[in-house]
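Structure assessment
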Amino acid sequence: MLGLETYHAYDTTIPLVDLDRKYQYEDVLDWLTASVAPLGADYQTKMREAVAGGWIDVYENPGKRSGAYSAPVYGVHPYMLLNYNDTLDAVFTLAHEMGHSMHTMLSHAHQPFVYAATRSSSPRCPPR
């Protein structure tokens, strides 16, 4: 498609199509919940509670730090910070951070404090 004689790692970032589609946050929440159906109805219910619970700071605003994070708080619930901008990348980031939040909720529900930590500031999940 690119018409290259040789293909390098940096060629993987070249857009193959020009797509300017927007993904409204409210629409994506239903997709996200539907995507975890194989994990069961209880998991989907917990995810609905998370997105409806006011735990997510969704949009960019002045003075807000960049990136996306899921912050565990034992005995309460996780807090998520996003900088959602209606792009497909933002959808993937929401799904990724929701995975951390769900892991936190389940770990805290079934483990005492000393064992409940799901991760520290992991280099495997750098800020976006």
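Anything mentioned here points back to the structure above.
Computed from a predicted model, the values in this text were never measured in an experiment.

Quick word on the overall build of the protein
Looking only at helices and strands, one finds 4 helices and 3 strands in the protein. In the protein, the order of α-helices and β-strands from amino to carboxyl end is α-α-β-β-β-α-α. Over its C-alpha atoms, taken along the principal directions, the protein stretches across nearly 55 × 40 × 30 Å. Counting only residues that meet the buried cut, the protein has 34% of its 128 residues in that class. Counting contacts in the protein only where the partners sit at least 6 residues apart, residues at least 24 apart contribute 53% of the total. For the protein, the accessible surface area stands at approximately 8,700 Å², while carbon and sulfur atoms represent 57% of it. Side-chain charges of the protein comprise 9 positive and 14 negative groups, with the mean position of each set lying 9 Å from the other.

Considering the nonpolar core
Among the nonpolar cores identified, the biggest contains 23 residues, and Tyr 25, Met 47, Ile 56, Leu 82, Tyr 84, Leu 94 and Met 98 are the most heavily contacted of them. Those elements giving two or more residues to this core turn out to be α1 (25-35), α2 (41-52), β1 (56-59), β3 (79-84) and α3 (88-110). Sort the elements by how many residues they give to this core and α3 lands first, with 6 residues. Those residues in contact with Met 47, other than ones at most four positions away along the chain, are Leu 32, Thr 33, Val 36, Met 98 and Met 102.

With respect to the pattern of salt bridges
Counted under the stated rule, the structure contains 3 salt bridges. Note that Lys 22 and Asp 20 form a salt bridge whose closest N and O atoms lie 4.0 Å from each other. Residue Lys 64 pairs with Asp 57 through a salt bridge whose shortest N-O separation is 3.3 Å. Of the residues examined, Lys 64 reaches a relative accessible area of 16% and is grouped as buried. Given a relative accessible area of 36%, Asp 57 falls into the partly exposed group.

About the cut-offs
Residues numbered from 1 in each chain as written. Predicted model: local features only at pLDDT ≥ 70, side-chain atom pairs only at ≥ 80, totals over all residues. Heavy atoms only, no water. Helix = DSSP H or I, 4+ residues; strand = E, 2+ residues; numbered from the N terminus. Buried < 20%, exposed > 50% of the residue type's maximum accessible area, 1.4 Å probe, protein only. Contact = heavy atoms within 4.5 Å. Areas by Shrake-Rupley, 256 points an atom, 1.4 Å probe, with all protein chains shown as cover. Lys, Arg positive; Asp, Glu negative; His and termini not counted. Charge placed at Lys NZ, Arg CZ, Asp CG, Glu CD. Core = buried A, V, L, I, M, F, W, Y, C linked by side-chain atoms within 4.5 Å. Salt bridge = Lys/Arg side-chain N within 4 Å of Asp/Glu carboxyl O.

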